[in-house]
Amino acid sequence: MIRMQNVKIVLMIGWRNVFRNKRRSLIVASSIVVGLVVMMFSMAIMNGFNRQMLENTINTSLGHVAIHKKGFFNDMKLSLSFMPKDLCNAIKNIQGVACIGQRVKFEAMVQSSRSSQGVLVMGIEPEEEKCVSNIFEYAGSDIHSYITDSSNNDILISRSLATKLGIGIGDKCVVMLQDKDGVLAAHAFIVKGLYQSPIESFDKYVVYTGIRKAQEISGLGNAISEIIVRCRDKDFADSVASTINSLDTADLEVLTWKQMAPNIVQAIKLFDTMMYVFLAIIFISIIFTIANTMIMAIMERYREIGIMKSIGTQPSWIAAIVILEACGLGVLGIVAGIVITYLLVAITATTGINFAFYSESMRVWGTGTTIYPFLTATNSIVATVIVLLNTIVASLYPAYKAAKIKPIDALHFI
Amino acid sequence: MEIIQVVNCTKDYHSDGQIVHALRGVHLSLHKGEFAAIAGPSGSGKTTLLNCIGGLDYSTQGNVYIEGTDISKLSPKELSRLRLFKIGFIFQAYNLIPVLTALENVEYILLLQGMGDSNRKRKAAEVLELVGLKDEMHRLPHELSGGQQQRVAIARAIVSSPAIVLADEPTANVDQKTGSALLDLMEHLNKEKQITFLFSTHDPMVMKRAHRLINIIDGMIVKDTLVKRKNK
């Protein structure tokens, strides 16, 4: 049985050994600090990247939960519309729901005198949309460049689309569509405002108008394409969707953001995996640094270890002392590394890290050009456990070598 | 009572493809309370003999008995326990654990033996007081003089009341005055506590003070002189 006092003396010798060769310990601890800071700061940036990619996708169009006619999500036909009746009021009363918005969506062609572009027209409730998405902010948070009357022929288009069409605010464009009855129709709109979202593909493809106007030109009457639900937190989406499903929604489908954007969930998993592979490479090199240092320390103390064994110290104690010395170095590195990382994250979480030089790619991923890193408690625990495990793994071979030293080989003179 | 009995002990080494006969049929017996020295020139085999008696090395042939136990037949782990409980070691270069204080170095042996906290500290402090280091017990080895370090080593060797203390040239690294004082101390412990001491040495002062002088040359004991039996 391991006695507490034995653990105490082994811990004490291991810990004091850390400070015997201060320069060498400093070098090893520094390598751990560098590895840990790189690991945790990478995690923080990746957290910020993932959160912004997800939040921007949710804020731009998805919402947390969406209710459609069955089949609409995969095939946006006008015939797959529905009458909301009392559903909106019922949803508003569900716990965890912040606000809702109704939309009409159909595919169309927008045309100027210079060019044309296939687009998705979103008919929105202007006031409600301010809560369920960020389109008001993307349009400059200016009421004069936003849709105010949902019956008017105002249209919001993205800056990139405006450039392509060669039009600006106040200019006219024509929206051509096939209405609910299959009749081709063309309607003139006036550009009320220009927006820019963080997602490039969204900007190329989506235009906004008022929901009444959209219902009018598509022939939907009072029917809508979807209800978008904004929850108080995105983690409430599953429970809110489950409650909506329990309402009278037999011919409707209720989708959470995870179901609507599986590619993003998969991308986040992929990024996380890639990051761990990258970090594994860093830490494999650190394992060798620690192992090399511990072997050097053991060679220096060859005689001392021989003495300890000759007076009756069991090999397991010798091994434990070596492992604990490595753990001591690991603990020093972890403490310093965590302090430095949290300082870095605290600063950059306020200032953000500007990736403007990489802006095109950032817009493809929908993250925005400035990333705001953050760390979770899980990140810190994972990083600490990884470094400690690394340290223990790195010390196993040196500990084995030390435990195997024969007193007679270390003492030539007794 | 015989504490140590060496029977026809030989030890051969292989060096550069040749066999070196370090010990050639050594017979030796030591009784409880003896204060003996093995003397001889370098390469005579005194270190090898001490290694075999201390259970640090196995003899090629023959047997070594410590308090009646044939240590030639013990496993490395059993030998480790034997060294811990039966034998105290004093090394030429003190060889204390550098990160432990004088008190902790002495306690360490008792800790390995599994002694409880309060008894251990009290006993270690008593022994350090006995060797004249009452005021230095909380110092680290590098804060002590060579003589003081060797006193700590003596305290470590005797603290568990072993059957025998093996001392390898304990005066080799200290000046004559300190060496004489260390021998006074060991002689005192031998007399007062009946601890058996066996030295390997080529220091004339140690040879002069030993009660029994065993001369070894070319791996054979050539002379075994009882200089003076100590009072029991």
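Residues numbered from 1 in each chain as written. Chains lettered and ligands numbered in written order. Predicted model: local features only at pLDDT ≥ 70, side-chain atom pairs only at ≥ 80, totals over all residues. Heavy atoms only, no water.

Re the overall build of chain A
So, step 1. Counting its secondary structure elements, chain A contains 16 helices and 11 strands.
So, step 2. On C-alpha atoms alone, chain A measures out to a radius of gyration of 31 Å, which is more than a quarter above the 22 Å that the 2.2 N^0.38 rule sets for 414 residues.
So, step 3. Seen along its three principal axes, the alpha-carbon backbone of chain A occupies a region of about 105 × 45 × 30 Å.
So, step 4. In chain A, buried positions account for 54% of the 414 residues.
So, step 5. Residue pairs at least 24 apart in sequence account for 78% of intrachain contacts in chain A once pairs closer than 6 positions are excluded.
So, step 6. In the structure as shown, chain A presents an accessible area of about 18900 Å², 60% of it carried by carbon and sulfur atoms.
So, step 7. For chain A, the centre of its 37 positive side-chain charges and the centre of its 31 negative side-chain charges are spaced 15 Å apart. (Helix = DSSP H or I, 4+ residues; strand = E, 2+ residues; numbered from the N terminus. Rg over C-alpha atoms; globule rule 2.2 N^0.38 Å. Buried < 20%, exposed > 50% of the residue type's maximum accessible area, 1.4 Å probe, protein only. Contact = heavy atoms within 4.5 Å. Areas by Shrake-Rupley, 256 points an atom, 1.4 Å probe, with all protein chains shown as cover. Lys, Arg positive; Asp, Glu negative; His and termini not counted. Charge placed at Lys NZ, Arg CZ, Asp CG, Glu CD.)

Here's the deal with the domain arrangement of chain A
Residues and elements named next belong to chain A.
So, step 1. Partitioning chain A into domains gives domain 1 (4-57 + 264-410) and domain 2 (71-250).
So, step 2. Distance between the C-alpha centres of domain 1 and domain 2: 50 Å.
So, step 3. Taken together, the contacts link 11 residues of domain 1 with eight residues of domain 2.
So, step 4. Taken over both partners, the interface formed by domain 1 and domain 2 buries close to 750 Å², and the fraction arising from carbon and sulfur atoms is 44%.
So, step 5. Viewed at the interface, domain 2 and domain 1 are joined by one salt bridge.
So, step 6. For K234, the salt bridge identified is with E55, shortest N-O distance 3.7 Å.
So, step 7. On the surface where domain 1 and domain 2 come into contact, there are zero residue pairs in polar contact (both at pLDDT 80 or more).
So, step 8. For the side of domain 1 that touches domain 2, the secondary-structure elements that each account for two or more residues are α2 (22-62) and α14 (359-365).
So, step 9. When grouped by side-chain class, the residues that make up the side of domain 1 that touches domain 2 number three nonpolar, five polar and three charged. (Domains from an automatic or database assignment. Buried area = accessible area lost by both parts, 1.4 Å probe. Salt bridge = Lys/Arg side-chain N within 4 Å of Asp/Glu carboxyl O. Polar contact = N/O pair within 3.5 Å; in protein donor to acceptor, adjacent residues only side chain to side chain. Nonpolar A, V, L, I, M, F, W, Y, C, P; charged D, E, K, R; others polar.)

Some details on helix α4 (residues 117-130) of chain B
All names here are of chain B.
So, step 1. With 14 residues, α4 ought to run about 20 Å at 1.5 Å a step, and its terminal C-alpha atoms sit 20 Å apart, in line with that.
So, step 2. When we look at burial in α4, the residues that qualify are R120, A124, V127 and L128. Along the long axis of α4, the arc covered by the buried residues comes to 100°, so they all point the same way.
So, step 3. Phi for G132, located one or two positions after α4, is positive at around 85°. (Expected span 1.5 Å × (residues − 1). Arc of directions from axis to C-beta.)

Quick notes on the side chain of S25(A)
All names here are of chain A.
So, step 1. As for its position among the elements, S25 is in helix α2.
So, step 2. Note on S25: relative accessible area 14%, which makes it buried.
So, step 3. Here V18 takes part through its backbone oxygen, which lies 2.4 Å from a polar atom of the side chain of S25.
So, step 4. Here S25 is in contact with V18 and L329, once residues within four sequence places are set aside.

Let's talk about the sheet that holds strand β6 (residues 87-90) of chain B
Residue and element names in this part refer to chain B.
So, step 1. Pairing is mixed in the open sheet, where six strands are placed in the order β6-β7-β8-β3-β9-β10. Strands with a single pairing partner mark the edges of an open sheet, and in this sheet they are β6 and β10 (220-226). Sheet twist, expressed as the mean angle between neighbouring strand axes with direction ignored, is 20°.
So, step 2. The sheet contact formed by β6 and strand β7 (residues 164-168) spans four bridges and is parallel. Looking at the pairing, G88 lines up with V165 of β7.
So, step 3. The sheet strands contacting helix α2 (residues 76-86) are β6 and β7, and the helix crosses β6 at an angle near 80°. (Pairing = 2+ DSSP bridges. Axes fitted to C-alpha atoms, helices over the stretch in contact; angles between N-to-C directions.)

Looking at unusual backbone geometry
So, step 1. A positive phi angle, near 55°, is found at S141(A), a position not held by glycine.
So, step 2. By secondary structure assignment, the location of S141(A) is in the loop between α5 (135-138) and β4 (154-158).
So, step 3. On the accessibility criterion, S141(A) (42% relative accessible area) is partly exposed.
So, step 4. At N8(B), a residue that is not glycine, the phi angle is positive and equals roughly 50°.
So, step 5. Looking at where N8(B) falls in the secondary structure, it is placed in strand β1 (residues 2-15).
So, step 6. Among the residues examined, N8(B) registers a relative accessible area of 40% and is labelled partly exposed.

Remarks on the packing of aromatic side chains
So, step 1. Taken as a whole, this structure holds 11 aromatic pairs over all chains when the rule is applied.
So, step 2. Seen from their ring centres, F35(B) and F199(B) are 5.1 Å apart, and the 80° between their planes marks the pair as edge-to-face. Of this pair, F35(B) sits in strand β3 (residues 35-39) while F199(B) sits in strand β8 (residues 196-201); the two residues are 164 residues apart in sequence, bridging distant segments of the chain.
So, step 3. We classify F199(B) as buried; its relative accessible area is 0%.
So, step 4. Between F197(B) and F199(B) the ring centres are 5.9 Å apart and the planes differ by 15°, which places this aromatic pair in the stacked class.
So, step 5. The exposure class of F197(B) is buried, given its relative accessible area of 0%.
So, step 6. A network of ring pairs unites the aromatic residues Y195(A), F202(A) and Y208(A) as a single cluster. (Phe/Tyr/Trp six-rings, centres within 6.5 Å; stacked < 30°, edge-to-face > 60°.)

Concerning the sheet that holds strand β5 (residues 69-70) of chain B
All names here are of chain B.
So, step 1. In spatial order, the strands read β2-β1-β4-β5; together these four strands make up an open sheet with antiparallel pairing. Each having just a single partner strand, β2 (18-31) and β5 make up the two edges of the open sheet.
So, step 2. Judged from the 10 bridges that link them, β1 and β2 form a sheet pairing that is antiparallel. The residue bridging D12 from the neighbouring strand is H21, located in β2.
So, step 3. Lying over the sheet, helix α1 (residues 46-53) contacts β1, β2 and β4 (61-66), oriented at roughly 60° with respect to β2.

Considering the pattern of salt bridges
So, step 1. Taken as a whole, this structure holds 25 salt bridges over all chains when the rule is applied.
So, step 2. Its salt-bridge partner being K69(A), residue D251(A) comes within 3.2 Å of it at the nearest N-O pair. Taken as a pair, D251(A) in the loop between α9 (237-245) and β9 (252-256) and K69(A) in strand β1 (residues 65-69) lie far apart in primary sequence, 182 residues in all.
So, step 3. On the basis of relative accessibility, which here comes to 39%, the residue D251(A) falls in the partly exposed class.
So, step 4. Between R209(B) and D184(B) there is a salt bridge, with its nearest N and O atoms 2.2 Å apart. With R209(B) in helix α7 (residues 204-209) and D184(B) in helix α6 (residues 176-193), this residue pair connects regions lying 25 residues apart in the sequence.
So, step 5. In this structure D184(B) comes out as partly exposed when scored by relative accessible area, which is 40%.
So, step 6. Overlapping salt bridges, with partners in common, bring together R103(A), K105(A), E129(A) and E226(A) in one network.

Concerning a nonpolar patch on the surface
Residue and element names in this part refer to chain A.
So, step 1. A contiguous nonpolar patch, built from V331, V335, V339 and L343 and spanning about 340 Å² of accessible area, is present on the exposed surface.
So, step 2. Within the secondary structure, L343 is located in helix α13 (residues 315-351).
So, step 3. Judged by its relative accessible area of 53%, L343 falls in the exposed class. (Patch = residues over 30% accessible without salt bridge, like charges linked within 9 Å, V, L, I, M, F, W, Y side chains within 5 Å.)

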